[in-house]
Amino acid sequence: MNALLRTWGPGLGLAVAACVVLPLALPPYWIYLAIAAVVSGVLMQSYGVIVGRAGVMSLCQMSFAAIGAWVVLRLNLADAPGGLLLWLVLGGLAAVPVGVAIGLPALRIRGVNLAVVTLGFAVSTDIVLNANQFPGTTELKTVVRPGLFSSDAAYFVLAMTVFVLIAIGLALVNRTRIGRSWLELRHSERAAAAHGISVARSKLTAFAISAFIAGIGGGLMAGQLGLVVSGNFAMMQSLALFAVAVLIGPHNTEGAVLGGIFGAVMATILEKLRLPQDLGGILFGAMAIFALRSGVSQTDFTRARKRERNARPLLAAAVPAEEPVPVSPAAGGEGNVLEVRGLSVRFGQVVALDGVDLTVPALGVCGLIGPNGAGKSTLISAVTGFAARYEGSVVLAGEPLDRLSPSARARRGLRRTFQTTAIASELTQEEYLAIVAGRRLPREESEEVLRFFGCPPGEVPVSILDAGTRRLLDVAAAVAARPKVALLDEPAAGQSAAESLRLGRRLAQVPARFGVSILLVEHDMDLVRAACGQVTVLDFGHVIASGPTLDVLDAPAVRAAYLGTVLEETS
Ligand SMILES: Nc1ncnc2c1ncn2[C@@H]1O[C@H](COP(=O)(O)OP(=O)(O)OP(=O)(O)O)[C@@H](O)[C@H]1O
């Protein structure tokens, strides 16, 4: 309750103060502008979901707003029952199927290509709106506001209430798995899929919710103006608000407020300064390019600085991780948890894997080694469903996985890490663990796994972790998800020899301590010796040896494959 009050108290207090003071203090024209700012703020909230949080370049949010306005005006013209409050919701709902339809191409394309598709939709909406008037225009039938909110001052309070309700709704959604998954999407769709997140569902939900909010924003605008024209929802408006969104970061509530104020009052300021209106668009565009280049919006930047300042003492006071006790490498028990049979992968003429057989024993750590280009990462990708096509079979705890997507395989208990980490830096470590594990971990559980891997306390934000610690966090998160098997792709890359050995000793303990079996791709042979009970060696896509670690590393064929490289250096 206290935490809730601390998070929401100041914002709600400001909103209530604005509702009490502004209508009394401002002259009518400024009240009109204040309503426009709140309406703009609601539109910003829709950008906050799709652009700010999910990182999708959508340039057609005003088209969704136009649908909301159209529905409100149509229902108003028909004197439909329920009144404006119900019509607003219906306007938002009407935009949802269109949002989902626009989101469908986003499942296959992204980045600038997707921006072009959404821009295309904005242009088509422009054409349709220019050719057709909004309902009520010819009849001059303006939107009838509810009696309680008929004056502008009262309508401001209504708009503020809608804004606050959406902000609370979004905060609740952001705490769910789907809301958290948007952050992953923004940073890496591959990582999201590897963590069991359905990229399709996550993107379409972002489109649906952002269209719903934009539809409500359009309806609110119709309620403010009485009647609207196509120019209110022009493509250029979508573009200008997109630029503001990228610059400010409306996924943070203060960003939506600032963006709303910018969006609404900029035109008035330019007018007062006798400057051309286009200057606003150019200014926002230029600033958005800077924000896109740095990849961080203003509010994200400010929040990150504050979080980092608060976390530094935690980092300084953190108890150093315990030195892991050397244990025997994890040989595993009876039976195999993962069985790979006859796995072949081709990239055009390149045969990356050719009929590979590999098993991971239940509660064991199995090493997968081989020279550069041997096919180790390709094997991880094929097993976890990331390789577009492969021949052969992958069976996890008796269940064939070959027809399943990467996210479905992850949910069945097959987790992987990548050679390059892509963790959203605005998260704290415990938030990242929650995303990867797919559930909010009890504090003791997340602290235990973080401490075990030598990571700082859970509240420390990812942004202040060095590259080596981020890799450890990735491994810790994969283990915290308690999969049946974690496939780790060079987790010690970038670590010193001593850190690498420490990691090996920790990995050897993972099966017994966390109930997770491991397939470990590594070049560091000391780490492999410390962790792995058995090893499979690949060379040019073929298995050249497999069995107990020390026997395999001593085999002449293996020494020949590595001759002059890793084994000679480390043995
Ligand atoms: N997407 C791709 N397109 C074409 N060829 C690829 C692709 N990915 C991998 N390969 C090729 O497949 C072979 C196996 O590559 P892979 O990355 O799996 O090797 P690796 O053992 O993981 O190497 P490293 O230790 O350097 O990471 C190499 O010849 C590589 O060039």
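Definitions and limits used
Residues numbered from 1 in each chain as written. Predicted model: local features only at pLDDT ≥ 70, side-chain atom pairs only at ≥ 80, totals over all residues. Domains from an automatic or database assignment. Contact = placed C-beta atoms within 7 Å. Helix = DSSP H or I, 4+ residues; strand = E, 2+ residues; numbered from the N terminus. Nonpolar A, V, L, I, M, F, W, Y, C, P; charged D, E, K, R; others polar. Near = placed C-beta within 6 Å. Expected span 1.5 Å × (residues − 1). Buried ≥ 20, exposed ≤ 12 C-beta atoms within 10 Å, placed from the backbone. Pairing = 2+ DSSP bridges. Axes fitted to C-alpha atoms, helices over the stretch in contact; angles between N-to-C directions.

## Considering the domain arrangement of the protein
Argument step 1. When the domains of the protein are assigned, the result is domain 1 (29–264) and domain 2 (336–413 + 483–570).
Argument step 2. Distance from the C-alpha centre of domain 1 to the C-alpha centre of domain 2: 47 Å.
Argument step 3. Counting residues at the interface gives eight residues for domain 1, matched by six residues for domain 2.
Argument step 4. Of all the elements, helix α8 (residues 189–194) adds the most residues to the side of domain 1 that touches domain 2, at three residues.
Argument step 5. Here the residues of the side of domain 1 that touches domain 2 are counted per class, giving four nonpolar, three polar and one charged.

## Considerations on the site of the ligand
Argument step 1. Every residue lining the ligand is accounted for by Phe-347, Val-350, Ala-352, Gly-370, Asn-372, Gly-373, Ala-374, Gly-375, Lys-376, Ser-377 and Thr-378.
Argument step 2. Listing elements by their share of the shell around the ligand, those giving two or more residues are β2 (350–361) and α14 (376–383).
Argument step 3. Per-element tally for the shell around the ligand: the top contributor is α14, with three residues.
Argument step 4. Its residues placed into classes, the shell around the ligand shows four nonpolar, six polar and one charged.

## Points about helix α6 (residues 152–174)
Think of an α-helix as 3.6 residues a turn; residues three or four steps apart then line up on the same face.
Argument step 1. Taking 1.5 Å per residue as the helical rise, α6 with its 23 residues ought to reach 33 Å, and the 32 Å between its terminal C-alpha atoms agrees with that figure.
Argument step 2. Among all positions of α6, only Tyr-155, Phe-156, Val-157, Leu-158, Ala-159, Met-160, Val-162, Phe-163, Ile-166, Ala-167 and Leu-170 are buried.

## Remarks on the environment of Val-543
Argument step 1. In this structure, Val-543 sits in strand β10 (residues 542–548).
Argument step 2. Residue Val-543 is classed as buried on the basis of its C-beta count, with 20 C-beta atoms lying within 10 Å.
Argument step 3. With 187 residues separating them in the primary sequence, Val-543 and Val-356 have C-alpha atoms 6.1 Å apart.
Argument step 4. Ignoring sequence-local partners within four residues, the contact set of Val-543 consists of Val-356, Asp-357, Thr-536, Val-537 and Leu-538.

## Quick look at the sheet that holds strand β8 (residues 517–521)
Argument step 1. Here six strands make up an open sheet; going across it, the order is β6-β7-β8-β3-β9-β10 and the pairing mixed. For this open sheet the edge positions go to β6 (414–416) and β10, each flanked by a neighbour on one side alone. Mean inter-strand twist for the sheet, computed between neighbouring axes without regard to direction, equals 15°.
Argument step 2. Sheet analysis places β6 next to strand β7 (residues 485–489), joined by three bridges and oriented parallel. When the sheet's bridge partners are listed, Leu-414 is paired in β7 with Val-485.
Argument step 3. Strands β3 (365–369), β6, β7, β8 and β9 (534–539) of the sheet are contacted by α14, whose axis makes an angle of about 145° with β7.

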